[in-house]
Amino acid sequence: MTSHVEAEVQRRIAAARAKAEADRKRREEFAAARAAGLVRRHRQKLARLAEKGLDLAPPTLFDNQTLSASGC
């Protein structure tokens, strides 16, 4: 037979585990929704740029004449 103190401790431990699991699940769902939103916004941005006829390809001609971030 367990004492009422031990029962209360076990109840609190179970509540903490349940809360941690719910928090983890909520974070995972938020991360998935955020990732989906980022993909959607990126696609919309690319579509807008394509409508404007902007070249979306990265530059292929690089020269070493540009200054670095430090200005040297």
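Residues numbered from 1 in each chain as written. Predicted model: local features only at pLDDT ≥ 70, side-chain atom pairs only at ≥ 80, totals over all residues. Heavy atoms only, no water.

(A) Geometry of the overall build of the protein chain. Secondary structure summary: the protein chain contains 1 helix and 0 strands in total. Summed over all atoms, the accessible surface of the protein chain reaches about 7000 Å², with 60% contributed by carbon and sulfur. (Helix = DSSP H or I, 4+ residues; strand = E, 2+ residues; numbered from the N terminus. Areas by Shrake-Rupley, 256 points an atom, 1.4 Å probe, with all protein chains shown as cover.)

(B) Just a nonpolar patch on the surface, in detail. Side chains of V5, V9 and I13 sit close together on the surface and give an oily, nonpolar patch of about 220 Å² of accessible area. Tracing the backbone shows V9 in helix α1 (residues 4–51). (Patch = residues over 30% accessible without salt bridge, like charges linked within 9 Å, V, L, I, M, F, W, Y side chains within 5 Å. Salt bridge = Lys/Arg side-chain N within 4 Å of Asp/Glu carboxyl O.)

(C) Structural context of the pattern of salt bridges. Using the criterion set out here, one finds 6 salt bridges in the structure. A salt bridge links R11 to E8; the nearest nitrogen and oxygen atoms lie 2.5 Å apart. Here R11 and its partner E8 are both found in helix α1, 3 residues apart, which amounts to about one turn of the helix. A relative accessible area of 49% means that R11 is categorised as partly exposed. With a shortest N-O distance of 3.0 Å, R26 and D23 are connected by a salt bridge. Of this pair, R26 and D23 are both found in helix α1, 3 residues apart, which corresponds to roughly one turn of the helix. Taken together, the salt bridges that share partners define one network made up of E8, R11 and R12. (Buried < 20%, exposed > 50% of the residue type's maximum accessible area, 1.4 Å probe, protein only.)

(D) Quick look at α1. Taking 1.5 Å as the rise per residue, α1 with 48 residues should run 70 Å; its terminal C-alpha atoms sit 70 Å apart, in good agreement. Phi turns positive one or two residues past the end of α1, at G53, with a value near 80°. (Expected span 1.5 Å × (residues − 1).)

Purely geometric stuff here, so don't read any function into it on its own.
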